[in-house]
Amino acid sequence: MMTLPMQTSFTQRSIFERFPFIPALGILAVLLILNGLAEPNSLSFRAITGLTKTYLALMFLAVAQSFVVFSSDIDLSVGAILSLVNVSVVVMIDQLGGGPAAVLFACFAGILVGVLCGIFNGIVVVALRLQPIVATFATGILFTGIALWVLPVAGMPVPQSFWRTYGGRILDIPFVFYVVALLGLLIWLAVRTRFIIQLMAVGDNRLAAYQSGLPVTRIRIMAFAICGLFSAVAALCIIGDTASGDPVVGNAMTLYSVAAVVLGGTALSGGSGSMLGSAIGALIIGLINSFVFFVGVSSEWQNFAQGIAVLLALMAGVLVTRRISK
């Protein structure tokens, strides 16, 4: 007969297997407390709104990365896709006159660019059977080159209506919170689809998924396409935040997206994880960067301190997960 401690252990494991983002929530809470101690105003509604506005793009990019990681792939071109969509939208808005119709057309065209980039990645990785880490690194260089051709130098401001909407309010609620709610709804709908189950099956055991009749090739290419879609939405967030174009704005965000995925409880080996956890992981990175700033770390040591803090957060999440799984 199973003893009570064993039953409790199995219950804990089942909860954390179903909700792998729970350790990330704990880390997020700790960082909120630390930020509050370092700078009490950092917990104000205005400060939280600013943090969300700044890191909303990374939240979308982390969710984008999750789709390919679920299938045991990885996309090192997400930052380059973001940059390409960023400059494409800004240039199109300028060329079309900057009116409301031009803004809407450019945004939809930018999303299409992101999807096409994702499909291209999927074909290169899946159809040509190249290693995803190498192939997407190469396509990332390609996308960056195209972005620099589209807009060689950062600049070209977008119409005020664009960035004022992103930084504004609707019914006295900041617009970015509506976008966060939309992201949450998309995650909620996505995890209830058959596609996610198939994606996890492919990531868990690709050969077994193929032998069971799953269209593994199509599933993996679709994952890259959806990754490109969410990367494009992240680019629109960047445009709303910076109000201009930048051909290399996403370069530093690629590895941040991978770190956010891992912080959120997703295994890079594929087959398990949480898109919500990835979004939380992006906020954790934002809070780490804020904390390093609030404690007064000098500018030349900030990157070092941020790296150490992210590493400690990753270690904490892994240790908690391993302790529970025993």
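Scroll up for the structure.
Residues numbered from 1 in each chain as written. Predicted model: local features only at pLDDT ≥ 70, side-chain atom pairs only at ≥ 80, totals over all residues. Heavy atoms only, no water.

Visitor: Looking at this structure, I do not really get helix H11 (residues 216-242). What am I missing?
Guide: Within an α-helix, residues lying three or four positions from one another point in the same direction, as the helix has 3.6 residues per turn. With 27 residues, H11 extends 39 Å between its outermost C-alpha atoms, agreeing within 8% with the 39 Å of an ideal straight helix rising 1.5 Å per residue. Summarising burial for H11: 20 of the 27 residues are buried, a large majority. Within two residues after H11, Ala243 carries a phi angle of roughly 60°, on the positive side. (Helix = DSSP H or I, 4+ residues; strand = E, 2+ residues; numbered from the N terminus. Expected span 1.5 Å × (residues − 1). Buried < 20%, exposed > 50% of the residue type's maximum accessible area, 1.4 Å probe, protein only.)

Visitor: Is there a simple way to explain the packing of aromatic side chains in this structure?
Guide: Each aromatic ring pair is described using two quantities: the centre-to-centre distance and the angle formed by the ring planes. Counted under the stated rule, the structure contains five aromatic pairs. Seen from their ring centres, Phe120 and Phe143 are 6.2 Å apart, and the 65° between their planes marks the pair as edge-to-face. In this pair, Phe120 sits in helix H5 (residues 100-127) while Phe143 sits in helix H6 (residues 132-150), placing the two residues 23 residues apart along the sequence. Taking relative accessible area as the criterion, Phe120 reaches 37% and is therefore assigned partly exposed. (Phe/Tyr/Trp six-rings, centres within 6.5 Å; stacked < 30°, edge-to-face > 60°.)

Visitor: Help me out: how do you make sense of the environment of Ile133 in this one?
Guide: Secondary-structure assignment places Ile133 in helix H6. Judged by relative accessible area, Ile133 falls into the partly exposed class, the value being 47%. Distance in space between the C-alpha atoms of Ile133 and Ser77 is 9.3 Å, their sequence separation being 56 residues. Setting aside residues up to four positions removed in sequence, Ile133 forms contacts with Ile74 and Leu76. (Contact = heavy atoms within 4.5 Å.)

Visitor: Quick question: what am I supposed to make of a nonpolar patch on the surface here?
Guide: A surface patch of nonpolar side chains, about 620 Å² in accessible area, is lined by Trp301, Phe304, Ile308, Leu311, Leu312 and Met315. Within the secondary structure layout, Ile308 lies in helix H14 (residues 299-325). (Patch = residues over 30% accessible without salt bridge, like charges linked within 9 Å, V, L, I, M, F, W, Y side chains within 5 Å. Areas by Shrake-Rupley, 256 points an atom, 1.4 Å probe, with all protein chains shown as cover. Salt bridge = Lys/Arg side-chain N within 4 Å of Asp/Glu carboxyl O.)

Visitor: Hey, could you run me through the pattern of salt bridges in this one?
Guide: Think of it this way: side chains of opposite charge can pair up when their charged atoms draw near. One pass over the full model with this rule turns up four salt bridges. Asp241 is the salt-bridge partner of Lys53, the closest N and O atoms lying 2.8 Å from each other. With Lys53 in helix H3 (residues 45-70) and Asp241 in helix H11, this residue pair connects regions lying 188 residues apart in the sequence. Overall, the relative accessible area of 22% leaves Lys53 in the partly exposed class. Classification of Asp241 by relative accessible area gives partly exposed; the value is 29%. Salt-bridge contacts for Asp73 lead to Arg206; the nearest nitrogen and oxygen are separated by 3.6 Å.

Visitor: Please clarify how the side chain of Ser66 should be interpreted in this entry.
Guide: Among the secondary structure elements, Ser66 is positioned in helix H3. In contact with Ser66, not counting residues within four places along its chain, are Val261, Ser274, Met275 and Ser278.

Visitor: Teacher, can you tell me more about the environment of Gly228 here?
Guide: By secondary structure assignment, the location of Gly228 is in helix H11. The class for Gly228 is buried, based on a relative accessible area of 0%. Once the C-alpha coordinates of Gly228 and Thr54 are considered, the two residues, 174 residues apart in sequence, prove to be 20 Å apart. Each residue touching Gly228, except ones within four places of it in the same chain, is listed here: Ile81, Gly114, Val115 and Gly118.

Visitor: Is there a simple way to explain the nonpolar core in this structure?
Guide: Burial of nonpolar side chains together is a common tendency in soluble globular proteins. Judged by nonpolar contacts, the single largest core of 91 residues is most densely connected at Phe67 and Ile284. With residues up to four places along the chain from it excluded, the contact list for Phe67 reads Phe195, Ile196, Leu199, Ala223, Ile226, Phe230 and Met275. (Core = buried A, V, L, I, M, F, W, Y, C linked by side-chain atoms within 4.5 Å.)

Visitor: When you look at the side chain of Gln65 in this model, what are you seeing that I'm missing?
Guide: When you line up the elements, Gln65 lands in helix H3. Apart from the residues lying within four places of it in its own chain, the contact partners of Gln65 are Ile74, Asp75, Val78, Cys227, Thr254, Ser257, Val258 and Val261.

Visitor: Quick question: what am I supposed to make of the packing of H3 against helix H13 (residues 275-294) here?
Guide: Helix-helix packing is described using two parameters, namely the angle between the two axes and the distance between the axes. At a minimum axis distance of 8 Å, the contact between H3 and H13 shows a crossing angle of 140°. In terms of orientation, H3 lies oblique with respect to H13. Seen from above, H3 lies across H13 with right-handed handedness. Two secondary-structure elements touch here, H3 through Leu51, Tyr55, Leu58, Met59, Ala62, Val63, Ser66, Phe67 and Phe70 and H13 through Met275, Ser278, Ala279, Ala282, Leu283, Ile285, Gly286, Leu287, Asn289 and Ser290. Tallied by class, residues from the contact of H3 with H13 come to 14 nonpolar, five polar and no charged. (Axes fitted to C-alpha atoms, helices over the stretch in contact; angles between N-to-C directions. Parallel < 35°, antiparallel > 145°, perpendicular 65-115°, else oblique. Left-handed = near helix turned anticlockwise from the far one by under 90°. Nonpolar A, V, L, I, M, F, W, Y, C, P; charged D, E, K, R; others polar.)

Read these as layout, nothing more, since geometry by itself doesn't imply function.
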